[in-house]
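Read off the chains here:
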Amino acid sequence: MTAQATDIATYNFAYLDEQTKRMIRRAILKGIAIPGYQVPFASREMPMPYGWGTGGVQVTASIIGPDDVLKVIDQGADDTTNAVSIRAFFKKVANVAVTTETAKATIIQTRHRIPEYPLTTGQVLVYQVPIPEPLRFLEPRETETRKMHALEEYGLMHVKLYEDIARHGRIATTYAYPVKVEGRYVMDPSPTPKFDNPKMHRSPALQLFGAGREKRIYALPPFTDVVSLDFEDHPFEVQTFDQPCALCAAENVYLDEVILDDHGGHMFVCSDTDHCEKRRAEGHRGHLAPETMEPAQ
Amino acid sequence: MTDEPLLRVSALSKFYGSRVGCENVTFDLWPGEVLAVVGESGSGKTTLLNCLSTRLLPSSGTASYRMRDGQFRELYRMSEAERRFLMRTDWGFVHQNPADGLRMTVSAGANVGERLMAVGDRHYGKIRATAVDWLSRVEIDEDRIDDEPRAFSGGMRQRLQIARNLVTGPRLVFMDEPTGGLDVSVQARLLDLLRGLVTDLGLAAIVVTHDLAVARLLSQRMMVMKDGRVVESGLTDRVLDDPRAPYTQLLVSSILQV
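Residues numbered from 1 in each chain as written. Chains lettered and ligands numbered in written order. Predicted model: local features only at pLDDT ≥ 70, side-chain atom pairs only at ≥ 80, totals over all residues. Heavy atoms only, no water.

Between chain A and chain B, the contact holds 21 residues from the first and 22 residues from the second. Buried area between chain A and chain B, both sides added, is near 1,900 Å², and the carbon and sulfur share of it is 57%. Here chain A is connected to chain B by six salt bridges. Among the salt bridges present, the one from Glu139(A) reaches Arg103(B), with a minimum N-O distance of 3.8 Å. Inspection of the chain A/chain B interface yields 13 residue pairs in polar contact (both at pLDDT 80 or more). Of all the elements, helix H6 (residues 155-168) of chain A adds the most residues to the side of chain A that touches chain B, at nine residues. Looking at the side of chain A that touches chain B, its residues break down into nine nonpolar, three polar and nine charged. (Contact = heavy atoms within 4.5 Å. Buried area = accessible area lost by both parts, 1.4 Å probe. Salt bridge = Lys/Arg side-chain N within 4 Å of Asp/Glu carboxyl O. Polar contact = N/O pair within 3.5 Å; in protein donor to acceptor, adjacent residues only side chain to side chain. Helix = DSSP H or I, 4+ residues; strand = E, 2+ residues; numbered from the N terminus. Nonpolar A, V, L, I, M, F, W, Y, C, P; charged D, E, K, R; others polar.)

Tyr162(A), Phe231(A), Val112(B) and Leu160(B) are the most contacted members of the largest nonpolar core, which has 56 residues in total. Here the element with the most residues in this core is H6(A); it accounts for seven residues. Not counting chain neighbours up to four residues away, the residues in contact with Tyr162(A) comprise Phe231(A), Ser107(B), Gly109(B), Ala110(B), Met117(B), Tyr124(B), Ile127(B), Arg128(B) and Ile145(B). (Core = buried A, V, L, I, M, F, W, Y, C linked by side-chain atoms within 4.5 Å. Buried < 20%, exposed > 50% of the residue type's maximum accessible area, 1.4 Å probe, protein only.)

Below, the discussion takes up helix H4 (residues 81-93) of chain A. Residues and elements named next belong to chain A. Between its first and last C-alpha, H4 extends 18 Å over 13 residues, near the 18 Å set by a 1.5 Å rise per residue. Among all positions of H4, only Asn82, Ala83, Ile86, Arg87, Phe89, Phe90 and Val93 are buried. Seen from one end, H4 has its buried residues packed into an arc of 155 degrees, which puts them on one side. Of the exposed residues in H4, those oriented more than 90 degrees away from the buried face are Thr81 and Lys92. Here the buried face of H4 lies against helix H3 (54-63), strand E2 (69-74), strand E3 (97-98), strand E4 (107-111) and strand E5 (124-128). Positioned one or two residues after H4, Asn95 has a phi angle of 55 degrees, which is positive. (Expected span 1.5 Å × (residues − 1). Arc of directions from axis to C-beta.)

Residues and elements named next belong to chain B. An order of E6-E7-E8-E3-E9-E10 is seen for the six strands of this open sheet, with the pairing classed as mixed. In this open sheet, the two edge strands, each paired with only one partner strand, are strand E6 (91-94) and strand E10 (229-235). Ignoring strand direction, the axes of neighbouring strands in this sheet form an average angle of 15 degrees. Bridge count for E6 against strand E7 (residues 172-176) is four bridges, and the pairing is parallel. Pairing of Phe93 across the sheet is with Phe174, part of E7. Relative to strand E8 (residues 204-209), helix H1 (residues 45-52) is tilted by about 150 degrees, and along the sheet it contacts strand E3 (34-38), E6, E7, E8 and strand E9 (221-226). (Pairing = 2+ DSSP bridges. Axes fitted to C-alpha atoms, helices over the stretch in contact; angles between N-to-C directions.)

All names here are of chain B. Examined against the element boundaries, Ala151 turns out to sit in the loop between helix H5 (124-137) and helix H6 (154-166). Residue classification places Ala151 among the exposed residues on the basis of a relative accessible area of 52%. Counting along the chain gives 43 residues from Ala151 to Ala108, while the straight-line C-alpha distance between them is 9.9 Å.

With that settled, the discussion passes to the pairing of E10(B). All names here are of chain B. Bridge analysis of E9 against E10 gives six bridges, and the strand direction is antiparallel. Paired with Met223 across the bridge in E10 is Ser233. In textbook terms, the turn of a hairpin is the stretch between consecutive antiparallel strands, and for E9 and E10 this stretch comprises two residues, one of which, Asp227, has a positive phi near 50 degrees.

Taken as a whole and judged by the stated rule, the model has 43 salt bridges over all chains. Its salt-bridge partner being Asp274(A), residue Lys278(A) comes within 3.7 Å of it at the nearest N-O pair. Separated by four residues within a single helix, Lys278(A) and Asp274(A) lie in helix H8 (residues 273-281), roughly one turn from each other. Classification of Lys278(A) by relative accessible area gives partly exposed; the value is 32%. Residue Asp242(B) pairs with Arg244(B) through a salt bridge whose shortest N-O separation is 3.9 Å. Since its relative accessible area comes to 39%, Asp242(B) is described here as partly exposed. If you follow the salt bridges from partner to partner, you end up with Glu144(A), Lys147(A), Glu153(A), Glu80(B), Arg84(B) and Arg88(B) in one network.

Residue and element names in this part refer to chain A. The final tally for this structure, using the stated rule, is 14 aromatic pairs over all chains. Note on Phe89 and Phe90: the rings are 5.2 Å apart at their centroids and 75 degrees apart in plane angle, and the pair reads as edge-to-face. Summarising the burial analysis for this pair, Phe89 and Phe90 share the class buried. Ring centres of Tyr177 and Phe236 lie 4.9 Å apart, and the angle between their planes is 65 degrees; this geometry places the pair in the edge-to-face category. On the criterion of sequence distance, the pair formed by Tyr177 in the loop between H6 and strand E6 (179-181) and Phe236 in the loop between strand E10 (226-228) and strand E11 (255-259) is long-range, its members being 59 residues apart. What makes Tyr177 buried here is its relative accessible area of 0%. (Phe/Tyr/Trp six-rings, centres within 6.5 Å; stacked < 30°, edge-to-face > 60°.)

To continue, consider the packing of H6(B) against helix H7 (residues 184-201) of chain B. Residues and elements named next belong to chain B. In contact at an axis separation of 10 Å, H6 and H7 are set at 10 degrees when each is read in the N-to-C sense. It follows from the interaxial angle that H6 and H7 lie roughly parallel. Between H6 and H7 lies a crossing whose hand is right-handed. Contact residues: H6 offers Gly155, Gln158, Arg159, Ile162 and Leu166, while H7 offers Val186, Arg189, Leu190, Leu193, Leu194, Leu197 and Leu201. (Parallel < 35°, antiparallel > 145°, perpendicular 65-115°, else oblique. Left-handed = near helix turned anticlockwise from the far one by under 90°.)

All right, on to the UniProt feature "domain: ABC transporter" (unreviewed entry) in chain B then. Per the UniProt record, the feature "domain: ABC transporter" (unreviewed entry) sits at residues 7-252 of chain B. Secondary structure within residues 7-252 of chain B divides into 40% helix and 26% strand; the distance between the first and last C-alpha atoms comes to 28 Å. (UniProt positions renumbered as here; feature names shortened; annotations may be inferred.)

Okay, here's the thing in C-alpha cells:
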C-alpha cells in the first residue's frame, strides 16, 4: 500500500478499529431500542481532549460509510475551531465528502445546536454530550441516579424547576433543559438551548448522543415523543428575540449576540451560519448586512 | 378505625456476621399508636428501625404492613419500586441528623414539595401553597420558604425535616432520635410540636430514643432493648413507673434528677 511506502502511520477507515466500531454500534442499537436510556460503552482515547467531542466523534466514526456526507457544527457554526478540526479529521481518516449545507448532509455532528433547516428522514444528528446524566447536580451518586431512572423516580427533576421559579419567577433553565422521552426516561438533551427542544420532538431524523468522558451513548429514534418538563401553571416556553437577525433578517431562529466594539456596540445574528448564508444568498438583508455579499471562504 | 394492626412484626432478627444486631423481635403496631424503642447505645434500636423501614434487610423474620386498601403486604417481599413508593407516600423517616433527611442545597419550600412532585403533583402554585401551610404548622416563618436549610438552626432543620415527611399525609413515621443534639428548650418545643401533630393526624410512629423523658412524653407504649433483644415491653407509664426487668430498673434509676 502507498501508506506503508511513505512510512506514515496508517489508520483503519474512520480511525477506530472494526471491533471498537462493533462495540459502539451495539451500544447505539441498544440506545435506539430503549429511547432516552443511557447505555454504557467502552469509550476510547481519541486524538483530541475530552470535552472536545470525543463521544460524538466515536459515534460518527462508527456509523459513517464511504458514501456519507458529513457536516459538523459547533454552536450552530460550521467555521469554528471544533467544527473545522472534526470535519478535517473525518476527511483525512475516512476520506468522506463534507459539506456545510444541512440539506445535503447525511450525518451532522453537532455541538449544542440543532440546525434551523428541518431535518429529514435518513439524516442522522450526532450530539456531543458533556454530561449525560440530567440528575447529576441534584443527586451526585451515580448508583442512586441509575436506580432513579430504573424506578422512574423523577420527582427530583421537578425540584430543580421549582427552585428556578422560586428564585426567578419563571423556569430559568435555558439550556440542557430536561425532557421526557416516550413518557419514560428523563433525558439531558445535551447543552442545546431549550429553543431547540421542540425540534427534537418527533423529528424524522435519527438522533444519537455520545458522551466520551462519561462513557455513555443514548438515542432518539425517528418520530420519538420528546416532551420538555414543566409545571401546569408554568408551561414550557422557548426563548424569543426582540429583533430579527442583523445580517439576514430571519425571525424565529436562535440568535447569538456578537460584540462589535468596546463601546457597547453589538448585534444579534443567526447562530446557524449555514442558514444565515443561505438566506443572504437568496437576497434577504438585515439592517447591518454589507451591501454586497462577501465571497465565501 | 379497624381492629387490625398497621404493622405486624414477627421474630425479626438481623445479624452482622456473627454479631447480633437485633434478635427475635415481635410486636404489633396499631394505627395512631406511638411506640418508643429505648435502650443504650449499641442495643440494636437503630438496626431494628432500619429493618422495619426496609432500609436494611433482616436476616430472618417477617414484617407485614396494612396498605391503604386494607391488605397486608409482606415488606421484605415487595419489589424495591413498591418499597420506595411506600417510603415516600405512606411512610416518613425522621433522621437524627437533619442533613441526612433534607436536601441541603435546595430551598425549604422545595424540600417540602419534593414528595408532592414525586407523586406527580405538577402545579407550582398548589405545591407552594402546601409548602407554606406546612412550614407554618411546624412554626417556620413563611418568609424563610426560599432559604436553604443550610441557613437554618438545628431545631428549624429538624422541624423542616418533619414537615417534609408529613406533607403526603403518611400513616406511619419512623423517628431516629428526633431530639438528639438539640438543647433542652428547643427539644421541649419540638416534642410539643410532634405530640400535637401525631394526635392531630392520627399518625402511628416508632420512635427510637435513649432519652426516657422523650419516650414518656411521646409514646403510649415502649420496648426496652438490650444486646439486640427486647427485655421488657408494655405501656409507657407502667414500664417507667414499675419497671420489672432488672435492666429496665437500672435504666430508670439512672435518670439524672435535677
